Amino acid sequence: MPLVSTRQLLDEAAKGGYGVGAFNVNDMEQIQAIMEAAKETNSPVIIQASRGARAFAQDNYLYHLMLAAAELYPQIPLAMHLDHGNSYETCVSAIQLGFTSVMMDGSLKPDGKTPASFEENVEVTKKVVDYAHERGIAVEGEIGVLGGIEDGHGAGGSGLDHVTDPDQAVEFAERTGVDSLAIAIGTSHGAYKFTKKPDGSVLKMDLLIKIHNRLPKTHLVMHGSSSVPKDLQDIINQYGGKLKETWGVPVEEIQLGIKNGVRKVNVDTDNRLAITGAIRKVFVETPEKFDPRDYLKPARAAMQKVVALRMTQFGQAGHAGDYQAISIADMAKGYANGTLSTKPLVAAK
Ligand SMILES: [Zn+2]
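What counts, and where the lines are drawn
- Residues numbered from 1 in each chain as written.
- Predicted model: local features only at pLDDT ≥ 70, side-chain atom pairs only at ≥ 80, totals over all residues.
- Heavy atoms only, no water.
- Helix = DSSP H or I, 4+ residues; strand = E, 2+ residues; numbered from the N terminus.
- Buried < 20%, exposed > 50% of the residue type's maximum accessible area, 1.4 Å probe, protein only.
- Salt bridge = Lys/Arg side-chain N within 4 Å of Asp/Glu carboxyl O.
- Donors = N, O, S within 2.8 Å, 3.2 Å for Na, K, Ca; no water.
- Core = buried A, V, L, I, M, F, W, Y, C linked by side-chain atoms within 4.5 Å.
- Phe/Tyr/Trp six-rings, centres within 6.5 Å; stacked < 30°, edge-to-face > 60°.
- Lys NZ or Arg CZ within 6 Å of the ring centre and 35° of its normal.
- Arc of directions from axis to C-beta.
- Contact = heavy atoms within 4.5 Å.
- Pairing = 2+ DSSP bridges.
- Axes fitted to C-alpha atoms, helices over the stretch in contact; angles between N-to-C directions.

Chemist: Mind showing me how you'd approach unusual backbone geometry here?
Modeler: Despite not being glycine, Asn42 shows a phi value in the positive range, around 55 degrees. Position of Asn42 relative to the elements: it lies in the loop between helix H2 (28-41) and strand S2 (45-50). Judged by its relative accessible area of 33%, Asn42 falls in the partly exposed class.

Have a look at this one:
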């Protein structure tokens, strides 16, 4: 299948009542792990790259690796998404390269650190939406600010500093016409999300449900949604790592989110943990080895295992064959003639 729009994947996920994992990549092995997991579970999938990934791998490498994935797995609906675009220019450059959706994170100023005002966020996001939709590309916006820092991006601090206000979410969706909306409900980027198993005082699932009730047809996005499972932490520490004890977002909370409008779930840390644990194990158990394939193969397999498990848990497994690709050109026509709605359905309080 050619690279498809994330909007099509999320519209189909809404019809089917499931969520789609969006997995971050920096290199070939991660892309291979995700695609093998998608094949194994027959899942549509979103592969995303941050600005940090684009700087690490270079745009052309990333793009052509994605094209290779689309060629090698014609049965898998695959979208290529820009994670946390920090400015209009970053989003435009991703679209010109061939990304099929972008996130304009206008919750922060272009420095990727300072929280922006609501009006600034609306203005830059709307500008990206106008540019993107004309070209058939989907846009994710963010309202409220995630905690933590990843790849140099983030406001830092707790995920509770700037949680999403439901009224602002409604106004933001109406004024920008975004295809999907990332919300802040207490989650953070990175491995250190919570200091104990999160309860409702730190992970605001009630707020997510409130936002979903006001915007019942809007595709919601959960960021910072790695589960940081203890077994993956343990492998790293068993083989010489020094991770401090930490908790992520429990899978059952993500599943509750999926029942309440969450269609895209961002996962990065869990895969990083799986890769690092597998590599450490090889280094410690067989220190005589020096062929990178000796540790990259198990690293790739460990990541595939985590991704396949998440695909099953999010419900996207089994849905790859549900639909045919809509071309990006036809997506552009859909935005222009209104068959692809950009006006959210808003329910009364
Ligand atoms: Zn994020």
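Chemist: I tried to follow the pattern of salt bridges on my own but got confused; where do I start?
Modeler: As a working rule, side chains carrying opposite charge can pair if their charged atoms are close by. One pass over the full model with this rule turns up 19 salt bridges. Lys264 is paired through a salt bridge with Glu140; the nearest N and O atoms lie 2.8 Å apart. Separated by 124 residues along the polypeptide, Lys264 in strand S8 (residues 262-267) and Glu140 in strand S5 (residues 138-143) bring together distant segments of the chain. On the basis of relative accessible area, Glu140 is assigned to the buried category, the value being 1%. One salt-bridge network, in which partners are shared between bridges, spans Arg7, Asp11 and Asp179.

Chemist: Explain the coordination of the zinc ion to me, please; I cannot follow it from the model alone.
Modeler: Put simply, the ideal angle at a metal is 109.5 degrees for four donors in tetrahedral geometry and 90 or 180 degrees for six donors in octahedral geometry. Each protein donor to the zinc ion is listed here as His84 (NE2), His189 (NE2) and His223 (ND1); together their distances run 2.0 to 2.1 Å. Taken in chain order, the donor set of the zinc ion reads H-x104-H-x33-H. A residue pair is termed long-range when its members are at least 10 positions apart, and His84 in strand S3 (residues 78-85) and His223 in the loop between strand S7 (219-222) and helix H9 (230-238) qualify at 139 residues. Residue class for His84 comes out buried when judged on its relative accessible area of 7%.

Chemist: Explain the nonpolar core to me, please; I cannot follow it from the model alone.
Modeler: Burial of nonpolar side chains together is a common tendency in soluble globular proteins. Counting 74 residues, the largest nonpolar core has Met35, Val45 and Leu181 as the members making the most contacts within it. Within the second largest apolar cluster, 11 residues are counted, among which are Met1, Ala13, Tyr18 and Tyr323.

Chemist: I tried to follow the packing of aromatic side chains on my own but got confused; where do I start?
Modeler: Aromatic ring pairs: the centre-centre distance and the angle between the two ring planes describe each pair. Going through the model one piece at a time under the given rule, you end up with 2 aromatic pairs. The interplanar angle of 80 degrees and the centroid separation of 6.0 Å between the aromatic rings of Tyr88 and Tyr131 together place this pair among those described as edge-to-face. Taken together, the residues Tyr88 in helix H5 (residues 88-97) and Tyr131 in helix H6 (residues 118-134) connect sequence positions 43 residues apart. Between Phe283 and Tyr295, the aromatic rings sit 4.9 Å apart at their centres with planes inclined by 75 degrees, giving edge-to-face as the arrangement. A residue pair is termed long-range when its members are at least 10 positions apart, and Phe283 in helix H11 (residues 269-285) and Tyr295 in helix H12 (residues 292-314) qualify at 12 residues. Lying across the ring of Tyr88, Lys127 places its NZ or CZ 4.2 Å from the centre. The cationic tip of Arg135 hangs over the ring face of Tyr131; the distance from NZ or CZ to the ring centre is 3.6 Å.

Chemist: Sorry, what's going on with helix H10 (residues 251-259) here?
Modeler: Every α-helical turn comprises 3.6 residues, leaving residues that sit three or four positions apart pointing alike. Among the residues of H10, those classed as buried are Val251, Ile254, Gly257 and Ile258. Along the axis of H10, the buried positions cluster into a sector of 110 degrees, meaning they face one direction only. Elements that come into contact with the buried residues of H10 comprise helix H8 (205-214), S7, S8 and H12. Phi for Gly261, located one or two positions after H10, is positive at around 90 degrees.

Chemist: So what exactly am I meant to see when it comes to the environment of Ile275 here?
Modeler: Mapped onto the secondary structure, Ile275 falls in helix H11. Taking C-alpha positions, Ile275 is 8.4 Å from Ala301, a pair spaced 26 residues apart along the chain. Setting aside anything within four residues of it in sequence, one finds Ile275 in contact with Gln30, Ala299 and Met303.

Chemist: How should I be thinking about the sheet that holds S8 in this particular structure?
Modeler: Spatially, the 8 strands close up into a barrel ordered S1-S2-S3-S4-S5-S6-S7-S8, and their pairing is parallel. Averaged over all neighbouring strand pairs, the angle between strand axes comes to 25 degrees, with direction disregarded. As paired elements, strand S6 (residues 180-183) and S7 share 4 bridges and run parallel to each other. The partner of Leu181 across the bridge, within S7, is Leu220. The sheet contacts of helix H4 (residues 59-72) involve S2 and S3, and relative to S3 the element is tilted by about 155 degrees. Running at roughly 155 degrees to strand S1 (residues 20-24), H12 makes contact with S1, S2 and S8 of the sheet.

Chemist: Hey, could you run me through the pairing of S8 in this one?
Modeler: Looking along a regular strand, one sees side chains alternate from face to face of the sheet. Of all 6 residues in S8, 6 are buried, a share of seventy percent or more. Relative to S8, S1 is paired through 4 bridges, and the arrangement is parallel. When the bridges of S8 are listed, Phe23 appears paired with Val267. Alignment of S7 against S8, held across 3 bridges, turns out to be parallel. For Leu220, the partnering residue across the bridge sits in S8 and is Val262.

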